[in-house]
Amino acid sequence: MMKQPLGCFSIERNKSNCAYISYMSQDCHKKNDAELVLFSLQKKEYFLCIIEKYQNPLFRYIRRISGGSREDIEDLLQEIFIKVYIHLTSYDPKQSFSSWVYRIARNETISTFRKKKIRPQSLYLEPDEMEQIAGTFDFIKLQERKEFGKEIQNILAKLDQKYREVLVLKYLEEKEYQEIADILHKPIGTIGTLVNRAKKQFQKIYSEKQI
Amino acid sequence: MKNEIGKNILKIIEAKHMKPESKVLVFARRSFWWTLASVLLVGAILSVSLFSFLVVNTDWEVFRSTDTSPFLFHIISAIPYFWLFFLALFVFGAYVVIRHTNFGHRYRTGILAGVLGVCICVLGIVFFAIGIAERMETGLQRHVPMYKVMDEQRQHFWQNPEDGFLAGIVVGYEGQYVYLFEDISQKIWKISLKNAQIMPDVVIEPGARLKLQGEQVSDNEFTVIKIHPWFPRRQMKEMPFPIRNTR
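The rules behind these values
- Residues numbered from 1 in each chain as written.
- Chains lettered and ligands numbered in written order.
- Predicted model: local features only at pLDDT ≥ 70, side-chain atom pairs only at ≥ 80, totals over all residues.
- Heavy atoms only, no water.
- Helix = DSSP H or I, 4+ residues; strand = E, 2+ residues; numbered from the N terminus.
- Buried < 20%, exposed > 50% of the residue type's maximum accessible area, 1.4 Å probe, protein only.
- Contact = heavy atoms within 4.5 Å.
- Buried area = accessible area lost by both parts, 1.4 Å probe.
- Salt bridge = Lys/Arg side-chain N within 4 Å of Asp/Glu carboxyl O.
- Polar contact = N/O pair within 3.5 Å; in protein donor to acceptor, adjacent residues only side chain to side chain.
- Nonpolar A, V, L, I, M, F, W, Y, C, P; charged D, E, K, R; others polar.
- Phe/Tyr/Trp six-rings, centres within 6.5 Å; stacked < 30°, edge-to-face > 60°.
- Lys NZ or Arg CZ within 6 Å of the ring centre and 35° of its normal.
- Domains from an automatic or database assignment.
- Pairing = 2+ DSSP bridges.
- pLDDT = per-residue confidence, 0-100.

(A) Looking closely at the overall build of chain A. When its secondary structure is counted, chain A shows 11 helices and zero strands. When the helices and strands of chain A are read in sequence order from the N terminus, they spell out α-α-α-α-α-α-α-α-α-α-α. Counting every position in chain A, which comprises 211 residues, the buried fraction comes to 51%. Of the contacts made within chain A by residues no fewer than 6 positions apart, 67% connect residues no fewer than 24 positions apart.

Shown next as structure tokens:
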């Protein structure tokens, strides 16, 4: 696989950035994560493919777990991708690349926001995301789901971090239990327990607000 | 945002001449964690083997035949807590380190704890059976003064001459059947071995650690009725000693 010609990356460096990136983007979509990792290790320009693929999902994920501003998250994303690049060799293909990248993003986010001593007051969620998460809780009535959107952001922000992150991963990022276990580096049984406890804590805060 | 972050990152990578870590470094880091886990597991296995050795070599028959204290008291006082503490420490350390490895979180807690527990116990007993525990115990007592003191404290049942129990070390020869004996509190006794019953594997010579059952006849004299080796079930090697019983 590695003996394949690098295709678009043989393009001269002095060509315009736009042409370079757009040409490369077409090539990115044909390759899976494991191939992109291998090519990035050979030629760093391929790493742009990984960045393109993951910058938006990671941006949303970080915003969901941290409640940080756009500027903060963009700075953080830069640090995360640099870390991913430096540690590319430690990626083990037995694990999904997405889980591995999410794990790095999660650890960096927690440590950055812990250093800044920021605890989110409210998390930014898109209206459809609010409905999506409200829909996972049976105790929120159907007609309340739209109205309750704003409250959901506040409740999520009030949850313990360990509960907030499993709910975000399960219901917003729509990750499987095994992926969540790989991201949080916890046994799969613990993830099930955390999801149940998170729902209970969410319900408790929700009920208190209703009163 | 699209492409901007990517371009910036590539610029930074180029400007700072960043490169992915070398495979050797990654391999070394992974090996470090597995080596650490192995070392901790060996520590746990040795703890089990030394624990077994000390428990097996406790004088249970003597405890049962005396009515100085309840048997339960002897059980509690004879447990080698030192090795129990180290066993817990090593097992916990190994568990944490294994969990820290790449796929360590994927093992179910019950299965991981069960496999670790069974392996540590089985290998610990094997180490004890093939004599590794005894060699370690002897080495530790010889080279680590603190360990020797701790072992003597564990044997405090034997530091009770009024009730007929004395433990210590033979320090000299006084005459026929009379030896000088230093007890755990470093008091020197004249012990008379005439008519003493010598238990199997007992060797009496200066430097030998023994446990004596008998009767205190004066402030520093003790008539011995039964002589026990320090470790009742150890395998003594044949050596030319003045008095021996290797039935």
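(B) Structural view of the interface of chain B and chain A. Between chain B and chain A, the residue contacts involve 30 residues of the former and 34 residues of the latter. Taken together, the two surfaces of chain B and chain A that pack against each other cover about 2,900 Å², and 65% of this comes from carbon and sulfur. Seen at the junction of chain B and chain A, the total is two salt bridges. Its salt-bridge partner being Arg106 of chain B, residue Asp182 of chain A comes within 2.7 Å of it at the nearest N-O pair. The interface formed by chain B and chain A includes seven residue pairs in polar contact (both at pLDDT 80 or more). Broken down by secondary-structure element, the contributors of at least two residues to the side of chain B that touches chain A are helix H1 (4–15), helix H2 (23–56) and helix H5 (81–100) of chain B. It is H1 of chain B that provides the largest number of residues to the side of chain B that touches chain A, a total of nine residues. In terms of residue class, the side of chain B that touches chain A is made up of 11 nonpolar, nine polar and 10 charged.

(C) Just the side chain of Glu165 of chain A, in detail. Residues and elements named next belong to chain A. Mapping Glu165 onto the fold places it in helix H9 (residues 161–172). A relative accessible area of 4% places Glu165 in the buried class. Polar side-chain contacts of Glu165 include one of 2.8 Å to the side chain of Arg106.

(D) Inspection of the packing of aromatic side chains at higher detail. The tally for this structure, following the rule as stated, stands at 20 aromatic pairs over all chains. A centroid spacing of 6.0 Å and a plane angle of 50° characterise the contact between Trp83 of chain B and Phe86 of chain B, whose relative ring orientation is tilted. In this pair, Trp83 of chain B and Phe86 of chain B are both assigned in helix H5, three residues apart and thus about one turn of the helix distant. Cluster of aromatic residues (ring-pair linked, three or more members): Phe82, Trp83, Phe85, Phe86, Phe90 and Tyr147 of chain B. Note that Lys175 of chain A overlies the ring of Tyr102 of chain A, its terminal NZ or CZ placed 4.0 Å from the centroid.

(E) Molecular detail of the domain arrangement of chain A. Residue and element names in this part refer to chain A. Each assigned domain of chain A is listed here: domain 1 (18–115) and domain 2 (127–210). Facing the 15 residues of domain 1 at the interface are 14 residues of domain 2. Roughly 1,300 Å² is buried in total at the junction of domain 1 and domain 2, and carbon and sulfur atoms are behind 43% of that figure. It is Arg64, Arg103 and Arg106 that lose the most area in domain 1 upon contact with domain 2, and together they represent 43% of the buried surface on that side. For the interface between domain 1 and domain 2, the tally reads two salt bridges. Linking domain 1 with domain 2 are six residue pairs in polar contact (both at pLDDT 80 or more). Mapped onto the side of domain 1 that touches domain 2, the elements with two or more residues apiece are helix H3 (47–66) and helix H5 (97–115). The element best represented in the side of domain 1 that touches domain 2 is H5, accounting for seven residues.

(F) Representation of the pairing of strand S3 (residues 188–192) of chain B. All names here are of chain B. Burial of the side chains of S3 is restricted to one face: Trp189 and Ile191 are buried, whereas none of Ile188, Lys190 and Ser192 on the reverse face is. As judged from the five bridges shared by strand S2 (residues 178–183) and S3, these two strands associate in the antiparallel manner. Bridging across to S3, Tyr179 finds its partner in Ile191. In sequence, S2 turns back onto S3 through a hairpin of four residues, with Gln186 there showing a positive phi of about 70°. Pairing of S3 with strand S7 (residues 221–229) involves three bridges; the strand directions are parallel. Looking at S7, one finds that Ser192 is bridged to Thr223.

(G) Main features of the confidence of the model for chain B. Residue and element names in this part refer to chain B. Counting all residues, the mean pLDDT for chain B is 83, and 87% of those residues have values of 70 or more. Considering only residues more than four positions removed or in separate chains, one finds that residues 235–247, a stretch of pLDDT under 50, has 28 contacts. Prediction confidence for the complex, expressed as pTM and ipTM, is 0.72 and 0.71 respectively.

(H) Quick look at unusual backbone geometry. Residue and element names in this part refer to chain B. The phi angle at Gln186 is positive, at roughly 70°, despite the residue not being glycine. Turning to its location among the elements, Gln186 is positioned in the loop between S2 and S3. Residue classification places Gln186 among the exposed positions, given a relative accessible area of 62%. Of note, the phi angle at Asn195 is positive, near 70°, even though the residue is not glycine. Mapped onto the elements of the fold, Asn195 is located in the loop between S3 and strand S4 (197–198). You can call Asn195 exposed: its relative accessible area is 74%.

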